[in-house]
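The lines below spell out each chain.
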Amino acid sequence: MSSLLGQITVILILGVIIFVITRVCGGLGKIPPEMGELGEEFQEVKDRMMETHIMGFWKIEVLDSKGNVVKRKEIGDVGTKGFYIGRGRMCDLRIRSSYVSEKHAVIASDEKGFFLKDCGSRNGVYYKNKKVYQIDLEDRMTLYLGNVACRISRANIMDDFSQNDEGHTRVWGSGTQVKGGKSEIKRD
């Protein structure tokens, strides 16, 4: 309960800080010229915060044959290495199925947004019964990695509480740092 209270406190403090900044600067888009270098640093921080808000958070859910969620994982900062999905121990989301390759697919981001790319898997990635090698992520899309259904959705950090795959209640995105850096994984 105390960690929940701490999370709510942090959100409220950030809200107050943003409110004060918008009042002092006359809006997030306006930086007073007299702020000089400090204004430039503030602008960079503001841009990263806005990018984080625009980028948002994603979640991926592994579904059973009846469409029930059997595993859920948050995707926030894909960093420069990407978010790997596969059977291997090094993957961020591990799916134990003989139809899923060691490194089956990777989720990455660039200036266009988030995308999923097949890593040369044996059984492929399918969307709407068509094999895809790369696809832009859309809210509530269901992809098949081999024969395993995975639903990818936007996760609003302000959503009501939800349970992670260990059964602990938490707010989506808490404990995840989102950075403005772009992925080194390139689109084809």
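Conventions used here
Residues numbered from 1 in each chain as written. Predicted model: local features only at pLDDT ≥ 70, side-chain atom pairs only at ≥ 80, totals over all residues. Heavy atoms only, no water. Helix = DSSP H or I, 4+ residues; strand = E, 2+ residues; numbered from the N terminus. Buried < 20%, exposed > 50% of the residue type's maximum accessible area, 1.4 Å probe, protein only. Contact = heavy atoms within 4.5 Å. Areas by Shrake-Rupley, 256 points an atom, 1.4 Å probe, with all protein chains shown as cover. Polar contact = N/O pair within 3.5 Å; in protein donor to acceptor, adjacent residues only side chain to side chain. Core = buried A, V, L, I, M, F, W, Y, C linked by side-chain atoms within 4.5 Å. Patch = residues over 30% accessible without salt bridge, like charges linked within 9 Å, V, L, I, M, F, W, Y side chains within 5 Å. Salt bridge = Lys/Arg side-chain N within 4 Å of Asp/Glu carboxyl O. Pairing = 2+ DSSP bridges.

By the naming in an unreviewed UniProt entry, the protein chain is FHA domain-containing protein, taken from Blautia caccae.

On to the overall build of the protein chain. Looking only at helices and strands, the protein chain features two helices and 13 strands. The proportion of buried residues among the 188 residues of the protein chain is 38%. Long-range contacts, defined as pairs at least 24 residues apart, comprise 42% of the intrachain contacts of the protein chain with a sequence gap of at least 6. Counting only carbon and sulfur atoms, one obtains 54% of the accessible surface of the protein chain, whose full area is about 11,800 Å².

This paragraph deals with unusual backbone geometry. Across residues other than glycine, the phi torsion is negative in most instances, and most of the peptide bonds are trans. One non-glycine residue with positive phi stands out, namely K128, at about 50°. Structurally, K128 can be placed in the loop between β7 (125-127) and β8 (130-132). Located in the positive-phi region is R140, a residue other than glycine, with phi close to 65°. With respect to the helices and strands, the residue R140 is situated in the loop between β9 (134-136) and β10 (141-145). Judged by relative accessible area, which is 55%, R140 ranks as exposed.

On to the side chain of D110. Tracing the backbone shows D110 in strand β5 (residues 105-110). Among the polar contacts made by the side chain of D110, one reaches the side chain of R187 at a distance of 2.5 Å.

Here the focus is the nonpolar core. Grouped together as the largest cluster of nonpolar side chains are 25 residues, with contacts concentrated most on I85, I107, L116, L143 and I152. Those elements that provide at least two residues to this core are β1 (57-63), β3 (83-86), β5, β6 (113-118), β7, β10 and β11 (148-155). If near-sequence neighbours (up to four positions away) are discounted, I152 is found in contact with W58, K59, I60, I107, L116, L137, E138, D139, R140, M141 and L143. With six residues, the next largest nonpolar core counts Y84, V106, F115 and I185 among its residues.

To continue, consider a nonpolar patch on the surface. Together, V10, I13, L14 and I17 make up a nonpolar patch on the protein surface, roughly 350 Å² of accessible area in all. Among the secondary structure elements, I13 is positioned in helix α1 (residues 2-25).

Position of V78 relative to the elements: it lies in the loop between β2 (69-75) and β3. Given the relative accessible area of 4%, V78 is considered buried. For the pair V78 and D92, spaced 14 residues apart in the sequence, the C-alpha separation amounts to 10.0 Å. Setting aside anything within four residues of it in sequence, one finds V78 in contact with F83, I107, A108, S109 and F114.

Turning our attention to the sheet that holds strand β4 (residues 93-94). Overall, mixed pairing links the five strands, which are arranged β4-β3-β5-β6-β9 in an open sheet. Each edge of the sheet is formed by a strand with only one pairing partner; in this case those strands are β4 and β9. Bridge analysis of β6 against β9 gives three bridges, and the strand direction is antiparallel. Paired with F115 across the strands is D136, a residue of β9.

With seven of seven residues buried, β1 is to be regarded as a mostly interior element. Bridge count for β1 against β2 is six bridges, and the pairing is antiparallel. Counterpart to I60 in the pairing with β2 is K73. Between the antiparallel neighbours β1 and β2 lie five residues, among them G67 with a positive phi of about 90°.

Scanning the model with the defined rule gives six salt bridges in all. A salt bridge links D92 to K81; the nearest nitrogen and oxygen atoms lie 3.1 Å apart. With a gap of 11 residues between them, D92 in the loop between β3 and β4 and K81 in the loop between β2 and β3 connect regions that are remote in the sequence. In this structure, R187 and D136 form a salt bridge, with 2.3 Å as the shortest nitrogen-oxygen distance. Placement of the pair is R187 in the segment after β13 (169-170) and D136 in strand β9, with a sequence separation of 51 residues. Salt bridges linked by common partners bring E61, R72 and R151 together as one network.

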